[in-house]
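The residues making up each chain are set out below.
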Amino acid sequence: MNVHSTQKRLPMFSPATGKQIGEIEETPLSEVTTFYEKGRSAFQMWSALSISNRLHYLRTLKEYMALHMEEIAKTISDNTGKVLTEALVADIMPTLDGIEHICKHAEKGLKRKTVKTPLLLMGKKSFIEYMPRGVVLVISPWNYPLQLAMVPVVSALAAGNTVILKPSEITPLVGKCMEELFAAAGLPDGVVQVAHGGKEVGAAFTEGTPDYIFFTGSVRTGKIIQEVAAKKLIPTTLELGGKDPMIVFEDANLKRAAKGAVWAAFTNSGQVCMSAERLYVQKTVYHEFLQLVKKEMETLKQGIDENADVGSMTFPAQIQIVREQLVEALHRGAKLEAGLPPDQWKEGMFLPITVLSNVQHNMKVIQEETFGPVLPIIPFEKEDEVISLANDTVYGLNASVWTKDVKKARHVASKLVSGAVVINDAIVTVANHGLPFGGAKNSGIGRYHGAAGLRNFCHEKSIIEDNGRKNTEIQWYPYYGKYPLFLKLFKSYFKPRKDMIYFAKMYLQLLKKSTEKERK
Ligand code: NAD
């Protein structure tokens, strides 16, 4: 029997043109166990390699990707509708930079570390060792389909794990492309396996036997995954949605802030977990700023060619979410400063870039993730007021503060309940792989990037080493006659100024008690 004939095929469409650009075979659910068995068997070999050997494969991957940048950019652009420049700058470049950062820092970050041993454990040594977890399941979304899959995969690999990657079914061409990239890097069989398909495939792999789950996607799916993982106590990282505030004070460089707002709101058509989705502007400069934003928007060109600025939406169902939020806002009195009402939208996946004023705090467009090219602008008067408005959603992924007063910016940044804050720029914390990345509140659990992003994929193992020459320890049996000595020892130990001679005397007396043969 031809196995492939029974496999479900996923058609691939270009969102920008609507044309079918290929199809892909979905991974049959019956293969889940085989994937895990293969991953587990490859883990024996992969985890036994030295880090520098593992990094050798990752360097090959990086070099191969750098050579094939243009083909990869075209694949991403075809499958997502994002402009070529964004495919390159915001998906490929951060992936390569992430791999480079890992190649530079993984050896040091994952090296066995010596830590200080307290006096009470005299004569011993203490270490931390980082042990890979096993088979890591990475489930990724469609908005940055390369970066958000590759960076966790590569981090897990560097730490010594093998990986099953389930990329988004909305961008299967990129999923296929990543499978080819891993093969081109010469990774041994079973070290990275790519499972293609939609939520049923994702659910089946989650229900399988992963040792760790790294999920990037919506809050809704994150909660489902966390529930399944909790039943089996499988550890997870969840990178979820956002509703990021951008705060512009009257003393900001308004020209820069307006340009920044337009980019942060409309890059990738607003389909960014860290898009500026709520723009708070100090009342004294609100009208001036609104005009600056509108002027900036006039220069933008929609399309997907090399010179276009704003691409198409990627996922048809997302358009419905954007539409519903806009309809509710307009119905409740919001004013369209730029864009069109949804009933005047053209057919297809390009949405008008939209600015709203006169919005209310309890509207969906302020409280729920929009993930589309819509920017509501809200006036505020006082610093405390804007901090409390910015913090008042269930999300906390990223935020930005715009002012020339560095002290004020830092103070506001510290008060925001957010995984990251950018001052006088937006989004870019994700582009520094030395910084941990992740969310507060419903925006996620855990971090990746940076040293924490590699150690996430490891069990942190504590080791205490004794040379084994002494026959006993003070805290071992027998306890006979030790209580008053322990009292004296601890009292001397926890004094503000330790009397080391007295401490040593008590310690030796306790040790002697431990070696006494008989109770008196
Ligand atoms: P999604 O949750 O619909 O899907 C994400 C992935 O999960 C896909 O691969 C999908 O097939 C899989 N999936 C769906 N249901 C599943 C289930 N029951 N079990 C296992 N897997 C399942 O999200 P999306 O629409 O692809 O992505 C958009 C969302 O991702 C937005 O909310 C965005 O904010 C968020 N996001 C977050 C980050 C971040 O780093 N915090 C980055 C990008 C996107």
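### Some words on the pattern of salt bridges
Opposite charge on two side chains allows them to pair when their charged atoms are near.
Moving on, step 1. For the structure shown, the criterion picks out 24 salt bridges.
Moving on, step 2. A salt bridge links Arg112 to Glu465, with the shortest nitrogen-to-oxygen separation between them at 3.7 Å. You can see Arg112 sitting in the loop between α4 (84-109) and β3 (113-115) and its partner Glu465 sitting in strand β18 (residues 458-465), a full 353 residues away along the chain.
Moving on, step 3. The exposure class assigned to Arg112 is partly exposed, which follows from its relative accessible area of 38%.
Moving on, step 4. With relative accessibility at 37%, the residue Glu465 sits in the partly exposed group.

### Notes on the sheet that holds strand β9 (residues 236-239)
Across a sheet, paired strands are connected by hydrogen bonds in the backbone, their directions being either parallel or antiparallel.
Moving on, step 1. Reading across from one edge, β7-β6-β5-β8-β9-β17 is the order of the six strands in this open sheet, with mixed pairing throughout. With partners counted over all chains shown, the strands left at the sheet margins are β7 (192-194) and β17 (444-445), one partner each.
Moving on, step 2. With two bridges joining them, β9 and β17 adopt antiparallel strand pairing. Bridge pairing in β17 links Glu239 to Gly444.
Moving on, step 3. Running at roughly 155° to strand β5 (residues 135-139), helix α7 (residues 199-206) makes contact with β5, β6 (162-166) and β8 (212-216) of the sheet.

### Structural notes on the nonpolar core
Moving on, step 1. Ranked by size, the top nonpolar core spans 86 residues in total, and within it Leu146, Val248 and Phe289 carry the most contacts.
Moving on, step 2. Of all the elements, helix α5 (residues 147-158) adds the most residues to this core, at nine residues.
Moving on, step 3. Setting aside residues no more than four positions away along its own chain, Phe289 makes contact with Val248, Leu254, Ala257, Ala258, Ala261, Leu279 and Val281.
Moving on, step 4. Membership of the second largest hydrophobic core comes to 29 residues, among which are Met313, Val359, Ile366 and Val401.

### Examining the side chain of Thr403
Moving on, step 1. Relative to the elements of secondary structure, Thr403 occurs in the loop between β15 (400-402) and α14 (406-415).
Moving on, step 2. Of the residues examined, Thr403 reaches a relative accessible area of 1% and is grouped as buried.
Moving on, step 3. A distance of 2.8 Å separates polar atoms of two side chains, one belonging to Thr403 and the other to Asp251.
Moving on, step 4. Of note is the side chain of Thr403, whose polar atom sits 2.9 Å from the backbone nitrogen of Asp405.
Moving on, step 5. Those residues in contact with Thr403, other than ones at most four positions away along the chain, are Phe249, Asp251, Ala252, Lys408, Ala409 and Asn424.

### With respect to helix α1 (residues 32-48)
In an α-helix, one turn spans 3.6 residues; hence positions three or four apart end up facing the same way.
Moving on, step 1. With 17 residues, α1 should reach 24 Å at 1.5 Å per residue; the first-to-last C-alpha distance of 25 Å fits that figure.
Moving on, step 2. Bending of α1 peaks at approximately 30° at the position of Ala42.
Moving on, step 3. Where α1 is concerned, the buried positions are Val32, Phe35, Tyr36, Gly39, Ala42, Phe43 and Trp46.

### Digging into the environment of Ile366
Moving on, step 1. Structurally, Ile366 is set in helix α12 (residues 364-367).
Moving on, step 2. For the pair Ile366 and Ile377, spaced eleven residues apart in sequence, the C-alpha to C-alpha distance is 9.9 Å.
Moving on, step 3. For Ile366, the contacting residues outside a window of four places in its chain are Lys243, Arg278, Tyr280, Val359, Gln360, His361, Pro376, Ile378 and Thr393.

### Some remarks on the domain arrangement of the protein
Moving on, step 1. With domains assigned, the protein is organised as domain 1 (31-240 + 451-461), domain 2 (244-432) and domain 3 (472-519).
Moving on, step 2. Taking only C-alpha atoms, the centre of domain 1 and the centre of domain 2 are 31 Å apart.
Moving on, step 3. Taken together, the 18 residues of domain 1 in the interface contact 22 residues of domain 2.
Moving on, step 4. Across the domain 1/domain 2 interface, buried area totals approximately 1,600 Å², and carbon plus sulfur atoms make up 54% of it.
Moving on, step 5. Considering only the surface of domain 1 that becomes buried against domain 2, Val83, Glu86 and Trp142 emerge as the three largest contributors, covering 32% of it.
Moving on, step 6. Taken together, domain 1 and domain 2 are joined by zero salt bridges.
Moving on, step 7. For the side of domain 1 that touches domain 2, the secondary structure elements donating two or more residues are α3 (69-80) and α4.

Calculation rules
Each chain has its residues counted from 1, running along the sequence as written. For this predicted model, a pLDDT threshold of at least 70 governs which residues receive local features, and a threshold of 80 or more governs which side-chain atom pairs are given and counted, while totals over whole chains, interfaces and linings are taken from all residues. Water and hydrogen atoms were dropped before computing side-chain values, which therefore reflect all heavy atoms in the structure. Salt bridge, as used here, is a side-chain nitrogen of Lys or Arg placed within 4 Å of a carboxyl oxygen of Asp or Glu. Each helix is a run of DSSP H or I of at least 4 residues and each strand a run of E of at least 2, with the numbering of both proceeding from the N terminus. The rule is simple: take the accessible area with a 1.4 Å probe, protein chains only, and divide by the maximum for that residue type; under 20% is buried, over 50% is exposed, in between is partly exposed. Strands are labelled as partners when DSSP assigns at least two bridges between them. Whether two residues are in contact is decided by their heavy atoms: any pair within 4.5 Å suffices. Angles shown run from 0 to 180 degrees and are taken between the N-to-C directions of axes, each axis being a line fitted to C-alpha atoms and, for helices, limited to the stretch in contact. To define a nonpolar core, start from buried Ala, Val, Leu, Ile, Met, Phe, Trp, Tyr and Cys residues and group those joined through side-chain atoms within 4.5 Å. Under the rule applied, a polar contact is a pair of N or O atoms within 3.5 Å (in protein, one hydrogen donor and one hydrogen acceptor; residues adjacent in sequence only if both atoms are side-chain atoms). Given the number of residues in a helix, its expected span is that number minus one, multiplied by 1.5 Å. Across the chain, bend at a residue is computed as the angle between axes fitted to the seven residues ending at that point and the seven starting from it. The start and end points of each domain follow an automatic or database-based domain assignment. Computed with a 1.4 Å rolling probe, the buried area is the accessible surface lost when two parts are put together, summed over both parts.

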